[in-house]
Amino acid sequence: MDPLRIGVIGTGNIGTAHARSLAREISGAEVAWVYDADPARSTQLADELGANVAPNVEQLIASSDAVVIASPDDRHAEQALLCLDAQRPVLCEKPLAPTVADAQAVVDAEVDLGLRLISVGFMRRFDPGYAALKESLPGIGHALIVHNVHRNEAAPYGLATSMTMTNMAIHEFDINRWLLDDDYATVQVVAGRPGPRTPEGQLDPVLVLLITRGGVIVEIEAFINAAYGYEVRCEVVGSDGTVEMGDGAFLTRRSGRAIGHDVPALWLGRFADAYRRQLQAWVDATQRGRTSGATAWDGLLATITANAAVTAVTAGPQAIETPEVPALYR
Ligand SMILES: NC(=O)c1ccc[n+]([C@@H]2O[C@H](COP(=O)([O-])OP(=O)(O)OC[C@H]3O[C@@H](n4cnc5c(N)ncnc54)[C@H](O)[C@@H]3O)[C@@H](O)[C@H]2O)c1
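Residues numbered from 1 in each chain as written. Predicted model: local features only at pLDDT ≥ 70, side-chain atom pairs only at ≥ 80, totals over all residues. Heavy atoms only, no water.

Visitor: Hey, could you run me through the side chain of Thr 286 in this one?
Guide: With respect to the helices, strands and loops of the structure, Thr 286 is situated in helix H9 (residues 267-287). Every residue in contact with Thr 286, bar those within four places of it in the chain, is listed here: Leu 4, Ala 66 and Pro 89. (Helix = DSSP H or I, 4+ residues; strand = E, 2+ residues; numbered from the N terminus. Contact = heavy atoms within 4.5 Å.)

Pasting the structure below:
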């Protein structure tokens, strides 16, 4: 089978990482086109990978077999809609959209088309740690509580408190739904005093507390300015025991009367394997005319949850209303 000619929209941190991985590690694909609003960035990456620079998004989509969207959050929906118009398979970085209206528009367009073309980049679904955690859940009886920790070294792109939900904790909103096979019923948010590095007006750290429809408590600590590095943890408390996800294959060091291991600076260090597996699964699925991982529907539900959490910051506990699942996603 000929390799898929992939177009990558947005060649910043993650777009560059995806393009390099597609070009060097993933079978069945080549990076044919790149586009970035900053031409210097796309030209540099195109030169490195032997790809072409597209003059605009429309031309990139028309010339590619499949598209990776790695532009800023608020551009995802309009670019995904262009891909649907041209019937191109898409791996769209999270979030599908920061607003419910934009995420809903993408789902509506896909439903109208009657064809699932969009996979959303919730790569934790491909992480061996989360996969092992999900597999182990039947062994601990009924899940009762999930404790999640999500810490960044410092705020990327001056993250506002709303982006804590729509950009950061949205990973937890998706992965806990996936782990538990359950939707959320309510959400509330608690913020304490800010740390010394917290930008003016930002609430950080925050605790997000969700209850699923099945009655499981999902607790998330989202801490953007944690200073010491990037860390993600997850522990499920069940009726017969608990299971906690390890933090990857980091080396344990013993020296100077201390035992410890390095902490990655960024998500790329912790989830490199998940990103790679996600891309390979997407290319393989696209070759078979299918999507992989999270669907546009999953993307919409994560955005609905994130926006309910944003409202909960100022307005207190919120009910999470989930629309009926369209037949396309059942
Ligand atoms: N799945 C993950 O774990 C993960 C990790 C990092 C980032 N992301 C997501 O990927 C996206 C990009 O994040 P990033 O960290 O790479 O940001 P970034 O700022 O490093 O890169 C974004 C790039 O998009 C370009 N751009 C701006 N407007 C554009 C447009 N209209 N069309 C095309 N390109 C445009 C910018 O010039 C920049 O090069 C975000 O939506 C973010 O949420 C996901």
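Visitor: What's the story with helix H2 (residues 39-49) in this structure? I'm lost.
Guide: Among the residues of H2, Ser 42, Leu 45, Ala 46 and Leu 49 are the ones counted as buried. Burial along H2 is one-sided: seen end-on, the buried residues are contained in an arc of 105°. Of the residues in H2, the exposed ones pointing more than 90 degrees away from the buried face are Ala 40, Gln 44 and Asp 47. Where H2 begins, one side-chain oxygen reaches toward the backbone nitrogen of Ala 40, 3.0 Å away; that side chain belongs to Asp 38. Two residues or fewer after H2 comes Gly 50, characterised by a positive phi angle close to 70°. (Buried < 20%, exposed > 50% of the residue type's maximum accessible area, 1.4 Å probe, protein only. Arc of directions from axis to C-beta. Polar contact = N/O pair within 3.5 Å; in protein donor to acceptor, adjacent residues only side chain to side chain.)

Visitor: Hey, could you run me through the domain arrangement of the protein in this one?
Guide: Size of an interface: often given as the accessible area lost when the parts come together. Considered domain by domain, the protein is made up of domain 1 (4-121 + 273-294) and domain 2 (125-267 + 304-319). Its C-alpha centre places domain 1 at a distance of 26 Å from the equivalent point of domain 2. The interface is formed by 18 residues belonging to domain 1 together with 13 residues belonging to domain 2. Taken together, the two surfaces of domain 1 and domain 2 that pack against each other cover about 1300 Å², and 66% of this comes from carbon and sulfur. The tally of links from domain 1 across to domain 2 stands at zero salt bridges. (Domains from an automatic or database assignment. Buried area = accessible area lost by both parts, 1.4 Å probe. Salt bridge = Lys/Arg side-chain N within 4 Å of Asp/Glu carboxyl O.)

Visitor: How should I be thinking about empty space enclosed by the protein in this particular structure?
Guide: Space left empty within the atom packing is revealed by a probe, the size of a water molecule, rolled over the atoms. Scanning the entire structure with this criterion turns up two cavities of 30 Å³ or more. Roughly 50 Å³ of volume is contained in the second largest cavity. Along the walls of the second largest cavity sit Arg 177, Asp 183, Tyr 184, Leu 301, Ile 304, Thr 305, Ile 320, Glu 321 and Thr 322, which together make up its complete lining. Along the lines of polarity and charge, the residues of the lining of the second largest cavity split into four nonpolar, two polar and three charged. (1 Å grid on protein atoms, 1.4 Å probe; cavity = no way out; pocket = protein on both sides within 12 Å on 5 of 7 lines; lining within 4 Å. Points joined across faces, edges and corners; volume = space filled by probe spheres on them. Nonpolar A, V, L, I, M, F, W, Y, C, P; charged D, E, K, R; others polar.)

Visitor: How do you make sense of the packing of aromatic side chains when you look at a structure like this?
Guide: The description of an aromatic ring pair rests on the distance of the ring centres and on the angle between the ring planes. The full count for this structure, using the stated rule, is three aromatic pairs. Aromatic side chains Trp 267 and Tyr 275 sit 6.3 Å apart centroid to centroid with 80° between the ring planes, which places their arrangement in the edge-to-face category. You can call Tyr 275 buried: its relative accessible area is 8%. Aromatic pair Trp 297 and Tyr 329: ring centres 6.0 Å apart, planes at 20°, arrangement stacked. A residue pair is termed long-range when its members are at least 10 positions apart, and Trp 297 in helix H10 (residues 296-315) and Tyr 329 in the segment after strand S16 (318-319) qualify at 32 residues. The residues Trp 297 and Tyr 329 share a single accessibility class, namely buried. When the ring centre of Trp 178 is taken as origin, the NZ or CZ atom of Lys 134, which lies over that ring, is 4.9 Å away. Above the ring of Phe 271, the side-chain terminus of Arg 270 is found at 4.3 Å from the ring centroid. (Phe/Tyr/Trp six-rings, centres within 6.5 Å; stacked < 30°, edge-to-face > 60°. Lys NZ or Arg CZ within 6 Å of the ring centre and 35° of its normal.)

Visitor: I keep staring at the site of the ligand and nothing clicks. Help me out?
Guide: What surrounds the ligand is a group of 27 residues, the closest being Asp 36, Arg 41, Asp 73, His 76 and Tyr 275. A distance of 2.9 Å separates a nitrogen atom of the ligand from a polar side-chain atom of Glu 93. Burial of the ligand by the protein chains amounts to 86% of its free accessible area of 850 Å². Considering only residue class, the shell around the ligand consists of ten nonpolar, ten polar and seven charged. Of the residues that make up the shell around the ligand, three or more belong to each of domain 1 (4-121 + 273-294) and domain 2 (125-267 + 304-319). (Near = heavy atom within 4 Å. Areas by Shrake-Rupley, 256 points an atom, 1.4 Å probe, with all protein chains shown as cover.)

Visitor: Is there a simple way to think about the pairing of strand S11 (residues 231-238) in this case?
Guide: Looking along a regular strand, one sees side chains alternate from face to face of the sheet. Where burial is concerned, most of S11 is hidden: six out of the eight residues are buried. Bridge count between strand S7 (residues 143-151) and S11: eight bridges; the pairing is antiparallel. For Asn 148, the partnering residue across the bridge sits in S11 and is Cys 234. Across three bridges, S11 lies against strand S12 (residues 242-244) in antiparallel orientation. Paired with Val 236 across the strands is Val 243, a residue of S12. Where S11 folds back onto S12 in an antiparallel hairpin, the turn is made up of three residues, including Gly 241, whose phi is positive at roughly 160°. (Pairing = 2+ DSSP bridges.)

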